[in-house]
Amino acid sequence: MGFYDDEHSHSEEPRREKPRRGLWFLSGLVGAIVGVVVMLFLTPVLSNLGILPYNVNTQGQTNVTGPTTTKNVKVDVNSAVTNAVADVSPAVVGVINEQKQGQDFFSNLSDKYSEAALGSGIVYKKDNKYAYVVTNNHVVQGAGKVQVQLDNNTKVNAQILGKDALYDLAVLRIPADKVKKVAQFGDSSDLKRGEPVVAIGNPLGFSGSVTEGIVSSNNRVIPSTHGNVSYQAPVIQTDAAINPGNSGGALVNIEGQVIGINSSKISEQDVEGIGFAIPINVAKPVINQLETNGKVERAYLGLQIMDLSMMPASETQKLKVPAGVKNGLVVAQVSNGSPADKGGIEAGDVITEVNGKKITSYIDFSTYLYTKLKPGDTVNMKLYRFGKEKNVSFKLGGKVFS
């Protein structure tokens, strides 16, 4: 049996004629139109019956949904965060620092004030007559008049009950009749790194602004200075955005409790997301004293001192400090009549221990002095006076930082 190509095939099978080009095009066009019409009618029916995984609405938008999804779906945006914000926000207020402008004779006679600064505050207590607001000391510093702006934009005059510059806290008092909500304090000692938190305040005057973040560190300390006093301030570090105007506002946990008072941030060109809040457990005893006594009295020595490690070697030799003594405080000056003066401390003494606690640095000592000791406590100091070891004891005095 041989193989033949078409040209040489002798098959008697008749050839099929090709359809005409015009009729073929017309029949295809009619079929396409019929198909589109059928799909337009059948698609909504099949979608409503749950056969197709999408539906077509009358506005021409195709909504991809599951077989049982209805045309209009309302998404529930409520969450633990939105609930916490709704619970605390009415208790977060604006604090307006008003001052007289100018220094001439006529401005001093005027009763007119203008806004010098705007911060935030937290209504934390209310009785039949007054409501109490905590804010930062630097928010009301230098104010001739303070107003509190409530969440409904009502403004009321506020009285400063007390200020503490060392911990940067102040307590205000306002009439209670306008206040509808009081914030609840939480427990900052329970915080965990990575725990979600929300900052609420009035950054740049945008009242009631909310930013969300986490606890970056629950046990951070940063150097803080007031006048010639420096110490290590305990703070909560967070990446929730804190901007000018947030100061004094609330740092809130997911349960809607205030666990910190926003106070500062690191604002450098290459730094983002490093803000700080005063832990509420640290703030509460200070708030109570400011509300009750109008001040916080802290332990006072009456000394000007500096780190031994910062002294030039030539000066250390003059003081005849023993070779084995590397850390301590050098007394530069003693205030007349101060507790240290009465206790026998002299300029040139090198203090190395207080109540058995070895001194590692000035900041370490001042932190111990202002957080662990109080006026009236007796301190025992070990020191060197031109190479000779001495021990002195005396009672601490009291000082207000305002």
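The structure under discussion appears in the preceding block.
Keep in mind that this is a model prediction, so the values were computed, not measured.

What counts and what doesn't
- Residues numbered from 1 in each chain as written.
- Predicted model: local features only at pLDDT ≥ 70, side-chain atom pairs only at ≥ 80, totals over all residues.
- Heavy atoms only, no water.
- Patch = residues over 30% accessible without salt bridge, like charges linked within 9 Å, V, L, I, M, F, W, Y side chains within 5 Å.
- Areas by Shrake-Rupley, 256 points an atom, 1.4 Å probe, with all protein chains shown as cover.
- Salt bridge = Lys/Arg side-chain N within 4 Å of Asp/Glu carboxyl O.
- Helix = DSSP H or I, 4+ residues; strand = E, 2+ residues; numbered from the N terminus.
- Buried < 20%, exposed > 50% of the residue type's maximum accessible area, 1.4 Å probe, protein only.
- Contact = heavy atoms within 4.5 Å.
- Polar contact = N/O pair within 3.5 Å; in protein donor to acceptor, adjacent residues only side chain to side chain.
- Pairing = 2+ DSSP bridges.
- Axes fitted to C-alpha atoms, helices over the stretch in contact; angles between N-to-C directions.
- Arc of directions from axis to C-beta.
- Phe/Tyr/Trp six-rings, centres within 6.5 Å; stacked < 30°, edge-to-face > 60°.

### Some details on a nonpolar patch on the surface
A cluster of nonpolar side chains, Val73, Val75 and Val77, forms an exposed patch at the surface whose accessible area comes to about 320 Å². When you line up the elements, Val77 lands in the loop between strand S2 (62-64) and helix H2 (80-88).

### A look at the environment of Ser393
Tracing the chain through its elements places Ser393 in strand S21 (residues 388-395). Accessibility expressed as a relative area gives 46% for Ser393, which makes it partly exposed. Along the primary structure Ser393 and Ala340 are separated by 53 residues, whereas in three dimensions their C-alpha atoms are 9.1 Å apart. Look past the residues within four positions of Ser393 in its chain and what remains in contact with it is Val379 and Asn380. Only 2.4 Å separates the side chain of Ser393 from the side chain of Asn380, close enough to count as a polar contact.

### Points about the sheet that holds strand S3 (residues 92-99)
Strand order in the closed barrel made by the six strands is S3-S4-S5-S8-S7-S6, with antiparallel pairing throughout. Pairs of neighbouring strands in the sheet enclose a mean axial angle of 40°, with direction left out of account. Summarising the sheet, S3 and strand S6 (residues 145-149) pair through five bridges and their orientation is antiparallel. When the sheet's bridge partners are listed, Val95 is paired in S6 with Val148. Each of strand S4 (114-126), strand S5 (130-135), strand S7 (155-164) and strand S8 (169-175) touches helix H5 (residues 280-293); the most contacted strand, S8, lies at about 50° to it.

### As for H2
Taken as a whole, H2 has its buried residues at Ala84, Val85 and Val88. Along the axis of H2, the buried positions cluster into a sector of 100°, meaning they face one direction only. Contacts made by the buried residues of H2 are with S3, strand S9 (196-201), strand S10 (209-226), strand S12 (250-253) and strand S13 (258-265).

### Details of the pattern of salt bridges
Enumeration according to the criterion identifies nine salt bridges in this entry. The partner of Lys181 in a salt bridge is Asp87, with the nearest N and O atoms 2.9 Å apart. Pair noted here: Lys181 is in the loop between S8 and S9 and Asp87 is in helix H2, with a separation of 94 residues, a long-range link. Given the relative accessible area of 28%, Lys181 is considered partly exposed. Given the relative accessible area of 32%, Asp87 is considered partly exposed. Asp364 is the partner of Lys357 in a salt bridge, and the nearest nitrogen-oxygen pair spans 3.8 Å. Residue Asp364 is classed as partly exposed on the basis of its relative accessible area of 23%. Residues joined by salt bridges that share partners form a network here, namely Glu346, Asp349 and Arg385.

### Some words on the sheet that holds strand S11 (residues 229-238)
The antiparallel closed barrel is built from six strands, whose spatial order is S9-S10-S11-S14-S13-S12. Across the sheet, the mean angle separating the axes of adjacent strands is 50° when strand polarity is ignored. Where S13 lies against strand S14 (residues 275-279), five bridges are found, and the strand directions are antiparallel. Counted as the bridge partner of Lys265 is Gly275 from S14. Lying on the sheet, H5 is in contact with S11, S13 and S14; it crosses S14 at an angle near 50°.

### A closer look at the packing of aromatic side chains
To describe a pair of aromatic rings, you give the distance between the ring centres and the angle between the ring planes. Evaluation of the coordinates by the stated rule reveals four aromatic pairs. On the basis of an interplanar angle of 5° and a centroid distance of 5.9 Å, the ring pair of Tyr167 and Tyr231 is categorised as stacked. On the criterion of sequence distance, the pair formed by Tyr167 in the loop between S7 and S8 and Tyr231 in strand S11 is long-range, its members being 64 residues apart. Judged by centre distance (5.4 Å) and plane angle (85°), the ring pair of Tyr370 and Phe401 falls under edge-to-face.

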